[in-house]
Amino acid sequence: MNAGIGGRSAGTAPRVLVVDGSKVVRQLITRVLKAELPEAELVGCGSGAEARELIGQGPFDFITIALRLPDMDGLELARHVRESAQAYVPIVVVSGDVDTRLHKRELGDVTDYFDKSLGFQALADFIRGYVRPEDNAEGTVLYVEDSRVVALATRRMLEKIGLTVRHVVSVEDALAMLETDRAQGRIGADVVLTDVSLKGELTGGDLLERIRSQFGYGKGRLPVLVMTGDENPANQAALLKAGANDLVEKPVEEKLLVTKLLFQLRVARHLRERAQGA
């Protein structure tokens, strides 16, 4: 049996802690989660102090935290979890104003962030991706990586779950592929995964800029995940402001990369369906 999140066995029911000062928001989140993860044990609380007490009583597999709590900043609680947990626990900040602080790279102790504007159904999909990962997925990834060793390992990682990978070694090749696809009336990929530092004159940042401006593909139409080993907050912030859907820090951790990638695929699909129904 494989180990699950938080060091618990994969066969046990996941425990999810929802921390938000608004009782209405907690009810909305837990209601959607109950429908999507009926086997999960859902625990809600309204303050950082109450959350600390609950965390001290037993492990959780997943924790969502609002940025603003009645008695403390949500990131202060996230720091407490990191310092007290014996095993790694995914912590996701759920907020409507996360972008400003994300761009400043102030979310160091959290695993990821979730924008409330996407809706709680998307949040449920997001959490399910962590606690009940998909065995099979559909979608085409345009993957830009110039290291043969890294590319081989990552391709295997993605193809193992059913994704189609179109791998190129330079931004120039990626742009040529996107241009050919556009001439044929299609985008050619469901998501782009690119390294920042690449051989050739153009970087992953240049590819991101061209996708957003030259091709006019927004975040929902063609999500872009950027892999970077640069820990400089200003450089990371610049990528997010330029239109990256998310960053994947190197060295890449397989579970986190796959979860982020699948989440972007699901959100893009959700946005397309919502646009078609409008």
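Our structure is the block above this text.
Calculation notes
- All chains use their own residue numbering, which begins from 1 and follows the written sequence.
- Local features are withheld for residues below a pLDDT of 70 in this predicted model, meaning they are given only at 70 or higher, and side-chain atom pairs are given and counted only at 80 or more; totals for whole chains, interfaces and linings count all residues.
- With hydrogens and water excluded, all non-hydrogen atoms of the structure serve as input to the side-chain values.
- Numbering goes from the N terminus for both helices and strands, where a helix is a DSSP run of H or I of at least four residues and a strand is a run of E of at least two.
- The rule is simple: take the accessible area with a 1.4 Å probe, protein chains only, and divide by the maximum for that residue type; under 20% is buried, over 50% is exposed, in between is partly exposed.
- When checking whether two residues touch, look at their non-hydrogen atoms; a contact exists if any pair is within 4.5 Å.
- For the area figures, the Shrake-Rupley method with a 1.4 Å probe applies, and any residue is considered shielded solely by the protein chains shown.
- By definition here, a helix of n residues has an expected span of 1.5 Å times n minus one.
- In this description, the arc belongs to the directions extending from the helix axis to the C-beta atoms.
- Two strands qualify as a pair provided DSSP detects at least 2 bridges between them.
- The axes used here are C-alpha line fits, helices contributing only the stretch in contact, and every angle between their N-to-C directions lies in the interval 0 to 180 degrees.
- Only buried residues count toward a nonpolar core. Its members are Ala, Val, Leu, Ile, Met, Phe, Trp, Tyr and Cys residues joined through side-chain atoms within 4.5 Å.
- Note on definitions: salt bridges are taken to be side-chain nitrogens of Lys or Arg within 4 Å of carboxyl oxygens of Asp or Glu.
- Handedness of a crossover: with both strands directed away from the viewer, a clockwise path from the first strand across the helix to the second marks it as right-handed.

**A look at the overall build of the protein**
Now for step 1: Scanning the protein from N- to C-terminus turns up 10 helices and 10 strands.
Now for step 2: When each of the 278 residues of the protein is scored for burial, the buried share is 50%.
Now for step 3: Look at the contacts in the protein between residues 6 or more apart in sequence, and 66% of them connect residues 24 or more apart.
Now for step 4: Summed over its atoms, the accessible surface of the protein is roughly 13100 Å², and 49% of this surface lies on carbon and sulfur atoms.

**Description of helix 7 (residues 171-183)**
Now for step 1: In a regular helix each residue adds 1.5 Å, so 13 residues correspond to 18 Å; helix 7 covers 18 Å between its end C-alpha atoms and thus fits that length.
Now for step 2: Of the positions making up helix 7, those classed as buried are Val171, Ala174, Leu175, Leu178 and Asp181. Viewed along the axis of helix 7, the buried residues span an arc of 125°, placing them on a single side of the element.
Now for step 3: Packing partners of the buried residues in helix 7 comprise strand 6 (140-144), strand 7 (164-168) and helix 8 (204-214).

**Section: the sheet that holds strand 5 (residues 112-115)**
Now for step 1: Ordered in space as 2-1-3-4-5, the five strands form an open sheet in which the pairing is parallel. Unpaired on one side and paired on the other, strand 2 (41-45) and strand 5 mark the two borders of the sheet. The sheet shows a mean angle of 20° between the axes of neighbouring strands, taken without regard to direction.
Now for step 2: The pairing of strand 4 (residues 91-95) with strand 5 spans four bridges and is classified as parallel. Note on strand 5: the bridge partner recorded for Val94 is Phe114.
Now for step 3: Along the sheet, helix 2 (residues 48-57) contacts strand 1 (15-19), strand 2 and strand 3 (62-65); its crossing angle with strand 2, the most-contacted strand, is approximately 145°.

**Examining the sheet that holds strand 8 (residues 191-195)**
Now for step 1: The sheet built from five strands is open, its strands ordered 7-6-8-9-10 with parallel pairing. A single partner strand is all that each edge strand has here, and the edge strands are strand 7 and strand 10 (246-249). Adjacent strand axes in the sheet meet at a mean angle of 20° when their direction is disregarded.

**So, unusual backbone geometry**
Now for step 1: The omega torsion of the bond from Lys250 to Pro251 falls at 0°, within 30 degrees of zero and hence cis.
Now for step 2: With respect to the helices and strands, the residue Pro251 is situated in the loop between strand 10 and helix 10 (254-277).

**Some words on the nonpolar core**
Across soluble globular proteins, nonpolar side chains show a tendency to be buried alongside one another.
Now for step 1: Core analysis: the largest hydrophobic core is formed by 25 residues, its most contacted members being Leu142, Leu178, Val192, Leu207, Ile211, Leu222 and Val226.
Now for step 2: Those elements that provide at least two residues to this core are strand 6, helix 7, helix 8, strand 9 (224-228) and helix 9 (233-241).
Now for step 3: With four residues, helix 7 is the single largest residue contributor to this core.
Now for step 4: Here Val192 is in contact with Leu142, Leu207, Ile211, Leu222, Pro223, Val224 and Leu225, once residues within four sequence places are set aside.
Now for step 5: Core analysis: the next-biggest nonpolar cluster, separate from the first, contains 23 residues, Ile29, Leu33, Ala40 and Phe114 among them.

**Some words on the pattern of salt bridges**
Note on pairing: side chains with opposite charge can pair once their charged atoms come close.
Now for step 1: Throughout the structure, instances matching the rule amount to nine salt bridges.
Now for step 2: Put simply, Asp195 and Lys250 hold a salt bridge, and the shortest N to O gap is 2.9 Å. Of the two residues, Asp195 sits in strand 8 while Lys250 sits in the loop between strand 10 and helix 10, which places them 55 residues apart along the sequence.
Now for step 3: Within this structure, Arg166, Asp181 and Arg186 form a network of salt bridges that share partners.

**As for the environment of Leu54**
Now for step 1: Structurally, the position occupied by Leu54 is in helix 2.
Now for step 2: Linking Leu54 and Leu17, residues 37 residues apart in sequence, is a C-alpha distance of 8.7 Å.

**Some thoughts on the pairing of strand 8**
Now for step 1: In terms of residue burial, strand 8 counts as a mostly covered element, since five of its five residues are buried.
Now for step 2: The alternating pattern of strand 8 places Val191, Leu193 and Asp195 on one face and Val192 and Thr194 on the opposite face, and all of these are buried.
Now for step 3: Relative to strand 8, strand 6 runs parallel, the two sharing four bridges. Of the residues in strand 8, the one forming a bridge with Leu142 is Val192.
Now for step 4: Relative to strand 9, strand 8 runs parallel, the two sharing four bridges. In the sheet register, Asp195 faces strand 9, and the bridge partner there is Met227.
Now for step 5: What joins strand 8 to strand 9 is helix 8, and the crossover it makes is right-handed.

Keep in mind that these numbers describe shape and distance, not what the molecule does.
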